[in-house]
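One-letter residues, chain by chain:
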Amino acid sequence: MTASEPFNQAKDVTPHKRFSSGRILAIASNTLTELTRTKVFYFLFIFGLVLLGSSMLSNNFSFGEEFQMLKDVALGAIGIFSTLLAILSTAMLLPRDIEDRTLYTILAKPVPRHDYILGKLLGVFYLLFISIAVMSVLFIILLAHREGIRIGQAALMYENPDDLVAAQNQIRAAAFTPGLWAGLFLILLRACILAAVTLLLSSFATSNLFTIVMAFTVYLIGHIQSIARQYWLESGDLNAFQKVFLSITAIIFPDLQMFNIVDEVVVGRAVPWFLVIKVFGLGTMYILIYLGATLALFRSKEL
Amino acid sequence: MDETPAISLKNVTKRFPIPFRRKAVLAVDNLSLDVPVGQVYGLLGPNGSGKSTTFKVALGLVTPDSGDAFLFGKPSRDVASREEVGFLPENPYFHKFLTGAETLRFFCRLCGLSGAKLTSRVKDLLHLVGLDYAADRRLSGYSKGMLQRIGLAQALVQEPRIVILDEPTAGVDPAGSREIKNLIFQLKEDGKTVLLCSHLLTQVQEVCDRIGIMAAGRLVEEGALDDLIGLRDQIEIRVSGGQTELLQKIEALVTAEGGKVLSIGRPRTTLEDHFLEVTGALSERRSN
Amino acid sequence: MSASTQSCAVKSRRRWLSDGRVLAGALIVIFGLVRLPIEKNIEGQFREFGLRPATLTLELRERLGQSAFIAALGGYRALVASFLWITAHVAWENTEWGRMNHLMQNVVALQPRAWIYWDRAAWHMGWNASVWVRQHGNFPREALTLRAERAYYELALDYLHRGVRNIPEQWELFMTLGHLLADKMNDPCGSSKAYREGSQRVGAPGYLRRFAAYKLAECPGHEQEAYKELRALYLEGKEQRLPTLITKLRELENLLAIPASQRLISPSPPSSPENLNPQKSENTETP
Ligand SMILES: Nc1ncnc2c1ncn2[C@@H]1O[C@H](COP(=O)(O)OP(=O)(O)OP(=O)(O)O)[C@@H](O)[C@H]1O
Ligand SMILES: [Mg+2]
């Protein structure tokens, strides 16, 4: 330590900001680095293998079946991976910083706790966005490739130009439809909500295992409850206890079915834009509320 | 002192509850403490006496059950008060997945630095703590002392007016702890306020202006170093090239003046000096 | 977190309010109440735009088994359907027709809006299974073979009828229905009706209109009507004057004894090679 360094340069005094995008981004990108260096992105290889496996079956099927299965498998896998990623990578973020006491060094800087939490969550969102974007691009490239092959095959089968156009249109209609964009976007939104839920759980959980188990429970109940409700309501005879139970569940647990349109967009359903925006608004509200609850807990948390 | 103290703790009490029991550990007990601006203050005390907890209260990392903490008169629980302070925690841990340079860059960004200023600051700090050679290595491969150095660099990122160091020389080699000692002198020269604790009493004695001694969460003694341990009625003389004759003359002179020679002996060089002499060449080689 | 467990000088009411847990819980509960009407509204619009399945029945749960049912509810309905479809495909390769039908029934119950499943299920039953029982059924009497064939035709018909009910806008299902009725069930009238329905759907290929007319010509009592249609098609332009159409038209002109002056086509067959080689896409088109 060469103590020759002058320390008496004039320091430009800037007033402290309660929210600083610079700080939040610093923590977010640090979180992304953290997750990247734990090698989470290896799962993308598994996704690639899944795609490859499903396209290897393709020659046994008609184009309609092939595209249907490719879309089902790809979007299903994107859904599963994004869920796993959101829950597993978020669950350990806070506990690790607290256990390693890295949090002390960060909070000893002029970093408000809300900036820290916001940065962490943003880092996970960033990770989820990159992962889902990469998976989507891989999927779309493969689908376009197979579509090209099938259209080429059709050209050999039809001589009448009208019929050929009809057949090729049929192939195109069975391949990519714009509704898939909406489906993928809502997968991302759902993953972000799950990350926010997991962060909330981890802010009071006593162990990582608890956080992860609880997060998956929320995921499952979040998907099933609306169907269960509808099912029970249709079956008619609900007793008072069941009614109370159902309403409590509906109030406490998120309705994740709101963000699940995959099963319908893979069969070519179109999704109107205003509806996507509405659901996006709802998802943003979910995230903000969970974030608020996390901050409320974390603000008074003894480190 | 009429000036607002750099650090001020007023009747701070902190208990840590023991999980699943009704009892709580009393970590800090009604402690009041002022560190004047520009002084180096050393907090001493046995393990578990509450030194680290006191620091955390001063920094606003731990909320006291009662009492208040202030940095330059600003309450510590306000985040803004942390603009002025750099903290080296005990056994500092950083994100292991970052390199030394990345770690400092991260902390610079947290303090609002960016661009060319950030780059040069990171470089200066790495040089300051003697880690230029390991700048691009991951912290997972750092030794304890290297981590300590990064921790120190990190504490100085935003050129704070207060520096709080929890056992700054723990795990650092003698050359390093001498450098840290020099650094503390430098900080003092620049008018910074330093609050530190250490179990190495000789070092504390060398650098500190004021000392506080804690035991069981209480501040049991406090004062300027000279007031606490200065022996006002004794003087030490060291002579080189002296023969027995000269010594006898001195002894006679002292007795004649009414004094008394307490000890005569051959002083040893300190182990520290010797160690530094032996390892100096090697250390130099490593740094290049 | 546990600040509330310690004895503090703060009044208990204020401590209670400032406790993060209370605030967090309140946020979630209040939001839960606020969002219920919003979610109901969105759910309604999902239904309106066909983004919700017909309700998953208890029967399906019994069929699928607990875990697949949960997966289907947990947002992986399409994925489960795909896996079952592959399993059905394996059953096909092993010619286990009963098992195959069972699996395909599950698939269409899971994904009732995927036309491809209805269509292929009908094709497997109406064409593959029925042909297989004729070749490998080893029934002692022809009547039994016919009955077995008939049973598969009925299954195929059932798939297509249900498919059409679920996805009325898909022309492909009508076309397959037309093929089934014409080629397998000897019902040109029904077939013509199916083709016509299909031809009116968005994106339907032009040949469905011709198919409808051809089959109408075979439907007893509708010859006059069919003739009018074919004539109209012929007059539409060159692209409609395909060999099959010309042949049919001539047949009808002869059958209905149309006076030569009104005929579109000369009574003797023209010796153009085109006529002798009917277009592939016209005649070899299989569902
Ligand atoms: N987070 C915590 N939870 C529970 N007890 C704690 C916590 N932090 C400190 N304590 C207790 O408070 C007391 C004081 O601890 P502190 O770390 O302040 O001591 P110290 O003087 O820094 O000791 P050392 O010299 O070993 O660093 C100890 O009895 C310790 O067990
Ligand atoms: Mg300590």
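Small disclaimer: the values here were computed from a predicted structure and weren't measured. (Residues numbered from 1 in each chain as written. Chains lettered and ligands numbered in written order. Predicted model: local features only at pLDDT ≥ 70, side-chain atom pairs only at ≥ 80, totals over all residues. Heavy atoms only, no water.)

**Brief notes about the packing of helix 9 (residues 188-199) of chain C against helix 10 (residues 207-218) of chain C**
All names here are of chain C.
Okay, step 1: With their axes 8 Å apart at the nearest point, helix 9 and helix 10 run at an angle of 160 degrees to one another. Compared by their axis directions, helix 9 and helix 10 come out roughly antiparallel. Here helix 9 runs over helix 10; the crossing is left-handed. For the pair formed by helix 9 and helix 10, the contact residues are P188, S191, S192, Y195, R196, G198 and S199 on the first element and L208, R209, F211, A212, A213, K215, L216 and E218 on the second.
Okay, step 2: Its residues assigned to classes, the contact of helix 9 with helix 10 shows seven nonpolar, four polar and four charged. (Axes fitted to C-alpha atoms, helices over the stretch in contact; angles between N-to-C directions. Helix = DSSP H or I, 4+ residues; strand = E, 2+ residues; numbered from the N terminus. Parallel < 35°, antiparallel > 145°, perpendicular 65-115°, else oblique. Left-handed = near helix turned anticlockwise from the far one by under 90°. Contact = heavy atoms within 4.5 Å. Nonpolar A, V, L, I, M, F, W, Y, C, P; charged D, E, K, R; others polar.)

**Concerning the pairing of strand 7 (residues 162-166) of chain B**
Residue and element names in this part refer to chain B.
Okay, step 1: Within strand 7, five of the five residues are buried, which leaves the element mostly enclosed by the surrounding structure.
Okay, step 2: Side chains of strand 7 alternate between two faces, with I162, I164 and D166 and V163 and L165 buried alike.
Okay, step 3: Sheet analysis places strand 6 (residues 85-88) next to strand 7, joined by four bridges and oriented parallel. Bridge pairing in strand 7 places L88 opposite L165.
Okay, step 4: Two elements, strand 7 and strand 8 (residues 193-197), share five bridges in a ladder whose sense is parallel. (Buried < 20%, exposed > 50% of the residue type's maximum accessible area, 1.4 Å probe, protein only. Pairing = 2+ DSSP bridges.)

**Regarding the nonpolar core**
Okay, step 1: Grouped together as the largest cluster of nonpolar side chains are 226 residues, with contacts concentrated most on Y116, L128 and F259 of chain A, I7, I164 and L196 of chain B together with Y117 of chain C.
Okay, step 2: Here this core takes 17 residues from helix 8 (residues 179-202) of chain A, the largest share from any one element.
Okay, step 3: Beyond its immediate sequence surroundings of up to four residues, Y116 of chain A is in contact with I27, L94, D97, L103, I106, L107, V111 and F298 of chain A.
Okay, step 4: Judged by nonpolar contacts, the second largest core, of 21 residues, contains F211, A212, A213 and L233 of chain C. (Core = buried A, V, L, I, M, F, W, Y, C linked by side-chain atoms within 4.5 Å.)

**Quick look at the sheet that holds strand 2 (residues 24-35) of chain B**
Residue and element names in this part refer to chain B.
Okay, step 1: In space, the four strands of this open sheet follow the order 2-1-4-5, with antiparallel pairing throughout. This sheet does not close on itself; its edge strands, each paired only once, are strand 2 and strand 5 (74-75).
Okay, step 2: Of the pairings in the sheet, the one linking strand 1 (residues 7-17) to strand 4 (residues 66-71) comprises five bridges and is antiparallel in character. Directly across from T13, in strand 4, lies its bridge partner S66.
Okay, step 3: Against the sheet, helix 1 (residues 51-59) engages strand 1, strand 2 and strand 4, with an angle of about 120 degrees to strand 1.

**Focus on the state of the cysteines**
Okay, step 1: Applying the stated criterion across every chain, the model contains one disulfide over all chains.
Okay, step 2: With a sulfur-sulfur separation of 2.0 Å, C189 of chain C is cross-linked through a disulfide to C219 of chain C. Sign of the S-S torsion, about 100 degrees for the bond between C189 of chain C and C219 of chain C, identifies this disulfide as right-handed. In this pair, C189 of chain C sits in helix 9 while C219 of chain C sits in the loop between helix 10 and helix 11 (223-236), placing the two residues 30 residues apart along the sequence.
Okay, step 3: The class for C189 of chain C is partly exposed, based on a relative accessible area of 32%.
Okay, step 4: In this model C111 of chain B remains outside any disulfide bridge; the closest cysteine sulfur is found in C108 of chain B, 7.1 Å from its own.
Okay, step 5: Considering cysteine sulfurs only, C197 of chain B is the nearest to C208 of chain B, which forms no disulfide, with 10 Å between them. (Disulfide = S-S within 2.5 Å.)

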